[in-house]
Amino acid sequence: IVTSLVLAAAEEDTSAQYCDKTTKSCGNDEETTYGKKHIFYDVNPPEGFNLRRDVYMRFAIMLAEAQKQGKDNWELVLPPWYNLYHWRSGRREPQPWNKYFDIKSLKSYSPVVEMHEIFSKTKKKQLEIDVLFMLENYEDPFENGVFDEKWEIKGDCEYDGLYWGYNNITAKEVLCVKFQGKISQLWELIALHPHAKKIMFTHGEIPLHDTYGTKSYWDCRKSMKFNKNLIHIAKEYIAEYLKCKTEQCATYLSVHWRRQDFARSRGNQVPSIAGTAKQIRKALKKLPNINKVFIATDASMSEINKLEKSLNDYGYETHFFLPSPSIIEEYGDGGIAIIDQIISSHAAYFIGTHESTFTYRIQEEREILGFESSTTFNRLCPDTGRCEKSTKWLIVN
Ligand code: GFB
């Protein structure tokens, strides 16, 4: 299926000349597409959706900042979502970003393009990356006691990834590079190959943000608006079950209850089911006008039933978003997770899971919506032992 989708996209464009409508620039070279150079990246396969969103921001900010400084011939290719470890149901072929995000809004911040846009402008059915840098960590990040910013080309090596599920993408040259430090250092690697038009980085999670939590961080974050259909589904649910039609709802409390690998391997950081129910009830006691709870979770059905019972028994109305088969078919696990995040974001009060990037993204959304920070940076504590407060990452406008 994968290959035929791409081939169909590529075959649509049969003209000899390729023109960019915005820049009005044309070219005959089927490989250069419309005169722009492209950066591609992928991420360590086990990483989840919400860490990947942060990796996207690092690259998008890198390109946006470069553009401000006049380096405007580069575009970032949005890496299709393929075979995510946590996405167990639904489609398996690579998904474009417009399934989940508002591409127009992403483009308003940074020069980004979807992979299918690249294919539609490439005459050949094959895409060839000029230089592929396989990033890897230094064995000891604190060599001599300091964390230096550095990189070192180790030499030729072999790409072991999947090119986002496409089997008609290849690379001319593959280099292994040890890398540590800020993402803008990647320009130094790019500068080594001034004639390369398509550059790819693997392990995009290794380079760090140049600055975290600054205005450019938040400008980029604000541009990551969700796909309008997903917002619509979430808002209809909120209106119907949680009885709210405003942006900041006063009718419900929300919880991101991360289970699965967190419950298995972080037992000392996350509460038991009974402990979770107890903490939710305690928070609700302080909100006397609220008796509705919305729970976003990756828990199993039997865990969900237990938690629901221990809240219902105390007279609280407990809600979970249970997608219809058509929503599962159309948007898959990624879309359902986003719907859960949107519903959680609009609640009067939110409680998240410690160190979950899924929770962080909800907290950011609430900052953008203008909630009081005391209603946002709350976490579930373990049943026993210390419970550090959540770090407050406040918006910078
Ligand atoms: O998004 P994510 O990176 O968050 O990965 P963490 C968790 C994935 O699990 C999500 C599903 O992308 C969803 O597919 N998931 C988690 C949920 N919570 C919910 C929920 O409330 N509703 C729905 N619908 N789905 C990281 C992982 O997870 O934790 C790493 O990315 C690693 O691989 C690390 O396991 C420990 O930051 O929570």
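As a reminder, the structure under discussion sits directly above these lines.
Note that the structure is a prediction, hence the values are computed from the model and not measured.

Asks: Is there a simple way to think about the overall build of the chain in this case?
Replies: Helix and strand counts for the chain come out as twelve helices and 13 strands. Computed over C-alpha atoms, the radius of gyration of the chain comes to 23 Å, within 12% of the 21 Å expected from 2.2 N^0.38 for 397 residues, which places it in the range of a compact globule. When its C-alpha atoms are laid out on the principal axes, the chain stretches across 70 × 55 × 40 Å. A separation threshold of at least 6 residues defines the contact pool for the chain, and within that pool the share at least 24 residues apart is 76%.

Asks: When you look at the site of the ligand in this model, what are you seeing that I'm missing?
Replies: Taken together, 20 residues surround the ligand, and among them Asn50, Arg258, Asp261, Ser356 and Thr357 come closest. With respect to the ligand, the side chain of histidine 256 contributes an N or O atom lying 3.0 Å from a nitrogen atom. Out of a free accessible area of 700 Å², the ligand has 86% covered by protein chains. With three residues, the single largest contributor to the shell around the ligand is helix 2 (residues 49-68). Taken together, the residues of the shell around the ligand sort by class into eight nonpolar, seven polar and five charged.

Asks: Explanation requested: the pattern of salt bridges in the structure shown.
Replies: Where charged atoms from two side chains of opposite charge come close, those side chains can pair. Within the structure shown, the criterion is met by 22 salt bridges. Across the pair arginine 58 and aspartate 54 runs a salt bridge, and its minimum N-O distance is 2.8 Å. Here the residue arginine 58 and the residue aspartate 54 both occupy positions in helix 2, the gap between them amounting to four residues, near one helical turn. Arginine 58 sits in the buried class, given a relative accessible area of 9%. One network of salt bridges, in which partners are shared, links Arg221, Arg361, Glu364 and Glu365.

Asks: Can you help me understand the environment of glutamate 355 in this one?
Replies: On the secondary structure map, glutamate 355 appears in the loop between strand 13 (349-351) and helix 12 (357-369). Owing to a relative accessible area of 40%, glutamate 355 belongs among the partly exposed residues under this scheme. Sequence separation between glutamate 355 and lysine 235 is 120 residues, and the spatial gap between their C-alpha atoms is 27 Å. With residues near it in sequence (within four places) discarded, glutamate 355 still touches Phe262, Arg266, Gln269 and Tyr360. Side-chain polar atoms of glutamate 355 contact the side chain of arginine 266, separated by 3.3 Å.

Asks: What exactly am I supposed to notice about the packing of aromatic side chains here?
Replies: The description of two aromatic rings rests on the distance between their centres and on the angle between their planes. Tallied over the full model, the rule gives 26 aromatic pairs. Each ring, one from tyrosine 56 and one from tryptophan 97, has its centre 5.0 Å from the other, and the planes form 50 degrees; the classification is tilted. With tyrosine 56 in helix 2 and tryptophan 97 in the loop between strand 4 (74-78) and helix 3 (103-109), this residue pair connects regions lying 41 residues apart in the sequence. A residue is classified by how much of its surface remains accessible, and tyrosine 56, at 0% relative accessible area, is buried. Tryptophan 97 sits in the buried class, given a relative accessible area of 1%. Arranged with centres 6.2 Å apart and planes meeting at 50 degrees, the rings of tyrosine 163 and tryptophan 164 form a pair that is tilted. Classification of tyrosine 163 by relative accessible area gives buried; the value is 11%.

Asks: Honestly, the sheet that holds strand 13 in this entry has me stumped. Any pointers?
Replies: In sheet architecture, strand pairing relies on hydrogen bonds along the backbone and comes in two forms, parallel and antiparallel. Pairing is parallel in the open sheet, where four strands are placed in the order 12-11-10-13. At either end of the open sheet lies a strand with only one pairing partner, and these are strand 12 (317-319) and strand 13. The average angle at which neighbouring strand axes cross in this sheet is 20 degrees, direction not considered. Pairing analysis gives three bridges linking strand 11 (residues 292-297) to strand 12, with the strands arranged parallel. Within strand 12, the position partnered with phenylalanine 294 by the bridge is histidine 319. Taken strand by strand, helix 9 (residues 273-285) contacts strand 10 (252-257), strand 11 and strand 13, and its axis lies near 155 degrees from that of strand 10.

Asks: Sorry, what's going on with the sheet that holds strand 9 (residues 198-202) here?
Replies: Read across the open sheet, the seven strands follow the order 5-4-3-9-6-8-7; overall the sheet is mixed. What marks the edges here is a single partner per strand, and that holds for strand 5 (112-114) and strand 7 (150-156). With strand direction ignored, the average angle separating the axes of adjacent strands in the sheet is 30 degrees. As defined by bridge partners, strand 3 (residues 37-41) adjoins strand 9 across four bridges and the pair is classed as parallel. Of the residues in strand 9, the one forming a bridge with isoleucine 39 is isoleucine 199. Sheet strands touched by helix 2: strand 3, strand 4, strand 5 and strand 9. Its angle to strand 4, the strand with the most contacts, is close to 165 degrees.

Asks: Can you walk me through helix 10 (residues 301-312) in this structure?
Replies: Helical periodicity: at 3.6 residues per turn, an α-helix aligns residues three or four positions apart in one direction. Taking 1.5 Å as the rise per residue, helix 10 with twelve residues should run 16 Å; its terminal C-alpha atoms sit 16 Å apart, in good agreement. Inspection of helix 10 places Glu303, Ile304, Leu307, Ser310 and Leu311 among the buried residues, and these make up the whole buried set. In a view along the axis of helix 10, the buried residues occupy a sector of 135 degrees, so they form one face of it. Turned more than 90 degrees away from the buried face of helix 10 sit Lys306 and Lys309, all of them exposed. Lining the buried residues of helix 10 we find strand 10, helix 9, strand 11 and strand 12.

Cut-offs and rules
Residues numbered from 1 in each chain as written. Predicted model: local features only at pLDDT ≥ 70, side-chain atom pairs only at ≥ 80, totals over all residues. Heavy atoms only, no water. Helix = DSSP H or I, 4+ residues; strand = E, 2+ residues; numbered from the N terminus. Rg over C-alpha atoms; globule rule 2.2 N^0.38 Å. Contact = heavy atoms within 4.5 Å. Near = heavy atom within 4 Å. Polar contact = N/O pair within 3.5 Å; in protein donor to acceptor, adjacent residues only side chain to side chain. Areas by Shrake-Rupley, 256 points an atom, 1.4 Å probe, with all protein chains shown as cover. Nonpolar A, V, L, I, M, F, W, Y, C, P; charged D, E, K, R; others polar. Salt bridge = Lys/Arg side-chain N within 4 Å of Asp/Glu carboxyl O. Buried < 20%, exposed > 50% of the residue type's maximum accessible area, 1.4 Å probe, protein only. Phe/Tyr/Trp six-rings, centres within 6.5 Å; stacked < 30°, edge-to-face > 60°. Pairing = 2+ DSSP bridges. Axes fitted to C-alpha atoms, helices over the stretch in contact; angles between N-to-C directions. Expected span 1.5 Å × (residues − 1). Arc of directions from axis to C-beta.

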